Amino acid sequence: MTESAVNALSKHPKTTVRASLIGKRIPKLDAPEKATGLSRYIEDIKLPRMLYGKILFAERPHARILDIDVSAAKALDGVRAVLTASDIELVPFGFGKDNTALKKERVTCVRDEVAAVAADTPEIAADAVKHIRVTYEDLPVVTSPGEALKEGAPVIHPEVPDNTPFRYDYSHGDVAAGIRQSDVIVEDTYVLHRVAHCCLGTSGIIAYFDADGKLVLHSLTQVPFLYKHELSGIVGVAPENVRIIQPPIGGGFGSKLDIHPFEPICVFLAKATSRPVRLVFSREEEFLATPTRQPVVIHLKSGARKDGTFTFRDVHMTLDNGGHTSWGATTPWIMMRTFSSLYRVPHVRQHVDVVYTNNIYACAFRGYGNPQATFALESQVDQLAEELGMDPLELRLTNTQDPGETTGQGMILRTCGLKECLEIAARNAGWEEKRKNVGQVIRHATVRERSGKRNKDVRPEDSSLVRGIGMASLFHVGGGAKIYRSDGCGTILKIDDFGGITVLTGSSEIGQGSETMIAQIVAEELGLPIKNIRVINNDTDLTPWDVGAHASRTVFIAGNSALRAAREARGKLVDAAAVRLKRKPEELDLEEGNVVDRSNGEPLESIGKIIRGLHFGAKNKLIMTTDFYEPPSTSPDEKHMGNISACYAFGTHVTEVEVDLDTGVVKVLKVCAAHDVGRVINRLGIEGQVEGGIVQGIGYCLTEEVRVEGGHILNPTFTDYKICTTTDLPELNISFVETNDPAGPYGAKGIGESPLIPVAAAIANAVYNATGVRITELPLTPEKVLMKLKEAWS
Amino acid sequence: MHKVLDKVELSFIVNGEAVRLKAMPHATLLDVLRNDLELTGTKYGCGEGECGACSVLLNGKVVNSCLVLALECEGSQILTIEGLSTNGRLHPIQKAFIDYGAIQCGFCTPGMIMATYALLEANPSPTAMEVKRGLEGNLCRCTGYRKIVDAVLSLS
């Protein structure tokens, strides 16, 4: 939608008598229900005659299935169905169409689903899967992309003989010319690891068929409308006969963007038993059978002129796809955009191989590959700064783009607050002062031989704890991402006889606060208290289409759609009031549930009364509006060029760390973050997004790793997989740069993923600043840090 | 085949109400609260005492109810999230969590609130570090903990 289109809808724009709700701290609408334990998550929902589903996983990384004997399982009391691939129609699904609900001939990773049971109790179901006997013939296991790409490597999916299901190439400019123009060139390899979403609520689903054969799913999907379409094809039910209801969801972070095999499996169990079936994972199953973030090896080479101007960037990425392909195989589409467009770079070339292995497979995870790309890029920008003898802040400012520019990859930056983000974050952190104290000694300890590039002047041989400061910036989509054919969202708005509003939005709520943002926008436009707004967002039979909760798109796209529906309703309401009150519409405004005199704010009539007059008076009308908002973005062309988002988000984090040279422990002391969010809608909510993203990013950088050896997961528990706790929370200083994007609702852009993206790079840069040791492989565990320190000093 | 165990009779007080029921000897307090008493506000997050989503008060002390056998609770006083608000009025801890934005997906919230309750009973005016230490056993993946800590500090 163009700016003029938004204004056209606002035919009776608000005045400013009442304090605006935009930018205020609004508590989350569903918080009381969650705080009292009344929210019914998937594991809390029990339907009459409901059965319990359980899956038998292969637990071997690569094997041929020779035989499955389910007779002992079927013979158990209370077992109502046992399914294998022979019992269902196998429709390939997933982004690479290389997965099926149950596996028939071969398994290609440990999590592969081989059989499933529905039983009267969870205990019987668990017992039954243990009674299923599968005979396998083990096949050679490919544990890394390196092995998979070797000549004569075992083939994982016969239809892809080179184990490389996807390759992407991108370029703008001429890298050879860029190399010639460079005074300084840096080249390095960055190794990014596998991490799990660790939603506190584990995955689950309830499936049943109603009396007329319609399939009803209580599902945790983040993308209900795409899901409904794809799932209908897998389970053989017409899409118009599938209804998706989303209960409160115990965390998403991208994990619920794909259809996972357990979901069609549960439908097949419901079909086989003609009863509702609930399937909820244990924590161990959650680690085993939900995909992770993409592990990727990034080889990056880049150059600059003496004055710091970037000249070129040459990128080669290899992703570990695992044994199947999810939407995760498309994360390079976002990664490439950071390399091409975080800064102004005239010459960029990128090649990506997505490679099958027999590891567990990966999917979307907050940032969609961008944290990985940003780690490589922003580490290398610091390496370039050092080669150039420039301050990293100055080098970044030299290459920051201006509002109005179009990036090398064709993205139009109508707003770009990166320069302000860099300056504000640096100022809040005391950058200049603290960079002088590199390798600052905090505590004197044992005498030992130590040296390092940056800290030799501070007698490191005497220090045990050293401090450092580092920065990293980010670039991300802020106005949706046109990956699918439509990136839109619909809204239906109705006003009841008493001034109560119901908003039906296509957007999904996974904890991020979208329902509160939508209520806030509608309340703002219609001059009603926020408590009058009810948001319904979880039932595909009621709500209009939306592409899903991903790409940090909900504030921008669902927000715009709600804004347009509300503005149209506002126009109708003011017109009706004008007729009733015999005033001109431009003399009226809506405030606190009343129609008021615009000149002095004096209440004239309640909104409820206006509606009742319209409803029961001569006109017999009600006010209901609908909107479908499609952002003004374009699908990328086959060369990955194009303005895929309606606007773009930027940000900078400046991070202080303390490194213990004796133990290798890195502690994050303080993060100063500045984000260009266009405009703050709900300050409480947006702070929560930034704080949560930072702490999740600290876990990504320092403590988290799904350890996979020989295709097997070594640490599928919170005992051995460490996410951050309260004591890892650093001091946080958060600023918002409000660039007021012309396309955003009230100027707002997306924020959901941004705060996680630069965290690891900023920490690694700070660790380098503290120790003089550059670590290019995550996570920065004490063992790794200590090893790298020892290597550097030996 | 397994020997089928018999259920054992059990009585305790949950949220001020006397409860008598029969539970399997291996049933955890979490199982009984969620399945027998339908007090589903107490959450399963990991089943091994690592995440704190199942935190309840047992005789005034916070426990991971997934690690406590129901039979151990004979004669005990148990407080769950459902027992915190009275007559539809939110407990001040619940109110603070709501107002301070300490709730996103909300899955950790009941456990976090019960751990806070125990913390404030033991130490009505904790420092920030004491709050962090007191809630260290409760994982949250959404909020980054800052707003949780702020909410708790607002009560001290």
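Residues numbered from 1 in each chain as written. Chains lettered and ligands numbered in written order. Predicted model: local features only at pLDDT ≥ 70, side-chain atom pairs only at ≥ 80, totals over all residues.

**Student:** Lay out the overall build of chain B with the relevant residues and their values.
**Tutor:** Summing up its helical and strand segments, chain B has five helices and five strands in all. Starting at the N terminus and walking to the C terminus, you meet the elements of chain B as β-β-α-β-β-β-α-α-α-α. Its C-alpha atoms give chain B a radius of gyration of 16 Å, within 12% of the compact-globule value 15 Å for 156 residues. With the C-alpha coordinates of chain B rotated into their principal frame, the extents come out at 50 × 35 × 25 Å. Residues classed as buried in chain B amount to 55% of the 156 residues present. Considering only contacts within chain B whose residues lie at least 6 apart along the sequence, 55% involve residues at least 24 apart. (Helix = DSSP H or I, 4+ residues; strand = E, 2+ residues; numbered from the N terminus. Rg over C-alpha atoms; globule rule 2.2 N^0.38 Å. Buried ≥ 20, exposed ≤ 12 C-beta atoms within 10 Å, placed from the backbone. Contact = placed C-beta atoms within 7 Å.)

**Student:** Would you mind going over the overall build of chain A in detail, with residue names and values included?
**Tutor:** A tally of regular secondary structure across chain A gives 20 helices and 29 strands. Rg of the C-alpha trace for chain A: 28 Å, near the compact-globule value of 28 Å for 794 residues, within the 12% margin. Overall size of chain A, expressed as C-alpha extent along the three principal axes, is 90 × 70 × 50 Å. Looking at chain A residue by residue over its 794 residues, the buried ones come to 60%. Here the analysis covers contacts within chain A between residues at least 6 apart in sequence; of these, 80% occur between residues at least 24 apart.

**Student:** For unusual backbone geometry, give the residues involved together with the corresponding values.
**Tutor:** The residue after A:L778, namely A:P779, is reached through a cis peptide bond having omega -5°. Among the structural elements, A:P779 can be located in the loop between helix 19 (759–771) and helix 20 (782–793). Even without a glycine there, the phi angle at A:S274 is positive, about 55°. Tracing the backbone shows A:S274 in the loop between helix 8 (262–273) and strand 12 (277–280). In this structure, B:N59 is a non-glycine residue whose phi angle is positive, near 50°.

**Student:** So, the domain arrangement of chain B: which residues are in play, and what are the values?
**Tutor:** Residues and elements named next belong to chain B. In terms of domain boundaries, chain B breaks down into domain 1 (8–83) and domain 2 (92–153). One C-alpha centre belongs to domain 1, the other to domain 2; they are set 21 Å apart. Counting residues at the interface gives 14 residues for domain 1 and 13 residues for domain 2. Secondary-structure elements contributing two or more residues to the side of domain 1 that touches domain 2 are strand 3 (55–58) and strand 4 (61–64). Looking at the side of domain 1 that touches domain 2, the element that brings in the most residues is strand 3, giving three residues. Its residues assigned to classes, the side of domain 1 that touches domain 2 comprises seven nonpolar, five polar and two charged. (Domains from an automatic or database assignment. Nonpolar A, V, L, I, M, F, W, Y, C, P; charged D, E, K, R; others polar.)

**Student:** Which residues make up helix 10 (residues 332–341) of chain A, and what are the values?
**Tutor:** Taken across its ten residues, helix 10 of chain A has nine buried, putting it largely inside the fold. Looking only at helix 10 of chain A, the buried set comprises A:P332, A:I334, A:M335, A:M336, A:R337, A:T338, A:F339, A:S340 and A:S341.

**Student:** For the interface of chain A and chain B, give the residues involved together with the corresponding values.
**Tutor:** Contacts between the two partners involve 46 residues from chain A and, on the opposite side, 42 residues from chain B. When contributions to the side of chain A that touches chain B are tallied by element, the ones reaching two or more residues are helix 2 (31–35) and helix 18 (683–703) of chain A. For the side of chain A that touches chain B, the leading source of residues is helix 18 of chain A, giving nine residues. Counted by class, the side of chain A that touches chain B contains 19 nonpolar, 19 polar and eight charged residues.

**Student:** Tell me what's going on with the confidence of the model for chain B, and back it up with residues and numbers.
**Tutor:** Summary statistics for chain B give a mean pLDDT of 96 and a share of 97% for residues scoring 70 or more. For this predicted complex, the interface score ipTM comes out at 0.98, alongside a pTM of 0.95. (pLDDT = per-residue confidence, 0-100.)

**Student:** Go over the sheet that holds strand 23 (residues 603–606) of chain A with me, naming the residues and quoting the values.
**Tutor:** Residues and elements named next belong to chain A. Pairing within the open sheet is antiparallel, and its three strands lie in the order 21-22-23. This sheet does not close on itself; its edge strands, each paired only once, are strand 21 (588–591) and strand 23. Averaged over neighbouring strand pairs, the angle between their axes works out to 30° when direction is ignored. The pairing of strand 22 (residues 594–597) with strand 23 spans three bridges and is classified as antiparallel. Opposite N594, over in strand 23, you have S606 as the bridge partner. Each of strand 21, strand 22 and strand 23 touches helix 16 (residues 554–581); the most contacted strand, strand 21, lies at about 120° to it. (Pairing = 2+ DSSP bridges. Axes fitted to C-alpha atoms, helices over the stretch in contact; angles between N-to-C directions.)

**Student:** Explain the domain arrangement of chain A to me, and be specific about the residues and the numbers.
**Tutor:** Residue and element names in this part refer to chain A. When cut into domains, chain A gives domain 1 (3–39 + 488–629), domain 2 (42–139 + 202–249 + 256–289) and domain 3 (395–474 + 642–793). Placing a centre on the C-alpha atoms of domain 1 and another on those of domain 2 gives a separation of 40 Å. Counting residues at the interface gives 16 residues for domain 1 and 13 residues for domain 2. Among the residues forming the side of domain 1 that touches domain 2, the class breakdown is four nonpolar, eight polar and four charged.

**Student:** Quick rundown of the nonpolar core? Include the residues and the values.
**Tutor:** Residues and elements named next belong to chain A. The biggest cluster of nonpolar side chains holds 302 residues, and the ones touching the most others in it are A115, V117, A425, V522, I763 and V767. In terms of residue count, helix 16 provides more of this core than any other element does, 13 residues in total. Residues contacting V117, with those up to four places away along its chain left out, are G53, K54, A73, V79, A81, V82, A125, A128 and V129. (Core = buried A, V, L, I, M, F, W, Y, C linked by C-beta atoms within 7 Å.)

**Student:** An account of the packing of helix 2 (residues 92–99) of chain B against helix 3 (residues 109–122) of chain B is requested, with residue identities and associated values reported.
**Tutor:** Residues and elements named next belong to chain B. It is at 10 Å that the axes of helix 2 and helix 3 come closest, and there the two elements cross at 125°. Here helix 3 runs oblique to helix 2, going by the angle between their axes. Considering the relative orientation of helix 2 and helix 3, their crossing is right-handed. Where helix 2 approaches helix 3, its residues I93, Q94 and F97 are matched on the opposing element by T109, I113, T116 and Y117. (Parallel < 35°, antiparallel > 145°, perpendicular 65-115°, else oblique. Left-handed = near helix turned anticlockwise from the far one by under 90°.)

**Student:** Tell me what's going on with the pairing of strand 11 (residues 242–245) of chain A, and back it up with residues and numbers.
**Tutor:** Residues and elements named next belong to chain A. The alternating pattern of strand 11 places V242 and I244 on a buried face, while none of R243 and I245, on the opposite face, is buried. The pairing of strand 10 (residues 215–219) with strand 11 spans four bridges and is classified as parallel. Each bridged residue has a counterpart across the sheet, and for L217 the counterpart in strand 11 is I244. Assessed by its sense of winding, the connection that carries the chain from strand 10 through helix 7 (residues 224–235) to strand 11 is right-handed. (Right-handed = clockwise from strand over helix to strand, strands pointing away.)

**Student:** Quick one: what's the story with the pairing of strand 1 (residues 8–14) of chain B, residue by residue and with numbers?
**Tutor:** All names here are of chain B. Where strand 1 and strand 2 (residues 17–23) come together, seven bridges link them in antiparallel fashion. Bridge pairing links F12 to V19 in strand 2. Once strand 1 ends, the chain turns through two residues before running back antiparallel as strand 2, passing N15 with a positive phi of about 50°. Relative to strand 5 (residues 77–79), strand 1 runs parallel, the two sharing two bridges. By the bridge assignment, V14 is partnered in strand 5 with I78.

**Student:** Tell me about the packing of helix 15 (residues 514–526) of chain A against helix 16 of chain A, and please be specific about residues and values.
**Tutor:** All names here are of chain A. One can describe the packing of helix 15 onto helix 16 by two numbers: an axis separation of 9 Å at closest approach and a directional angle of 30°. Considering their axes alone, helix 15 and helix 16 lie roughly parallel with respect to each other. Handedness of the helix 15/helix 16 crossing: right-handed. From helix 15, S514, M517, I518, I521, V522, E525 and L526 reach across to helix 16, where they touch T554, V555, A558, G559, A562, L563, A566, R567, A569 and R570.

**Student:** Residues and numbers for the sheet that holds strand 4 (residues 106–107) of chain A, please.
**Tutor:** All names here are of chain A. Reading across the sheet, the three strands line up as 4-2-6 and stay open at both edges, with antiparallel pairing between neighbours. A single partner strand is all that each edge strand has here, and the edge strands are strand 4 and strand 6 (133–138). Sheet analysis places strand 2 (residues 63–69) next to strand 6, joined by six bridges and oriented antiparallel. Within the sheet, the bridge partner assigned to D69 lies in strand 6 and is R133.

**Student:** An account of the environment of A:S486 is requested, with residue identities and associated values reported.
**Tutor:** Residue and element names in this part refer to chain A. Following the sequence through the fold, S486 ends up in the loop between strand 17 (463–477) and strand 18 (489–495). A residue is classified by how many C-beta atoms lie within 10 Å of it, and S486, with 15 of them, is partly exposed. Along the backbone, S486 and E630 are 144 residues apart, and their C-alpha atoms lie at a distance of 7.1 Å. Those residues in contact with S486 that lie beyond four places of it in its chain are V547 and E630.

**Student:** Give me the lowdown on the environment of A:E420, citing residues and values where you can.
**Tutor:** Counting through the fold element by element, A:E420 comes out in helix 13 (residues 418–429). Sequence separation between A:E420 and A:A58 is 362 residues, and the spatial gap between their C-alpha atoms is 52 Å.

**Student:** Now, about the environment of A:I495: what can you tell me, with residues and values included?
**Tutor:** If you trace the backbone, A:I495 turns up in strand 18. Those residues in contact with A:I495, other than ones at most four positions away along the chain, are A:I501, A:A569, A:I611 and A:I623.

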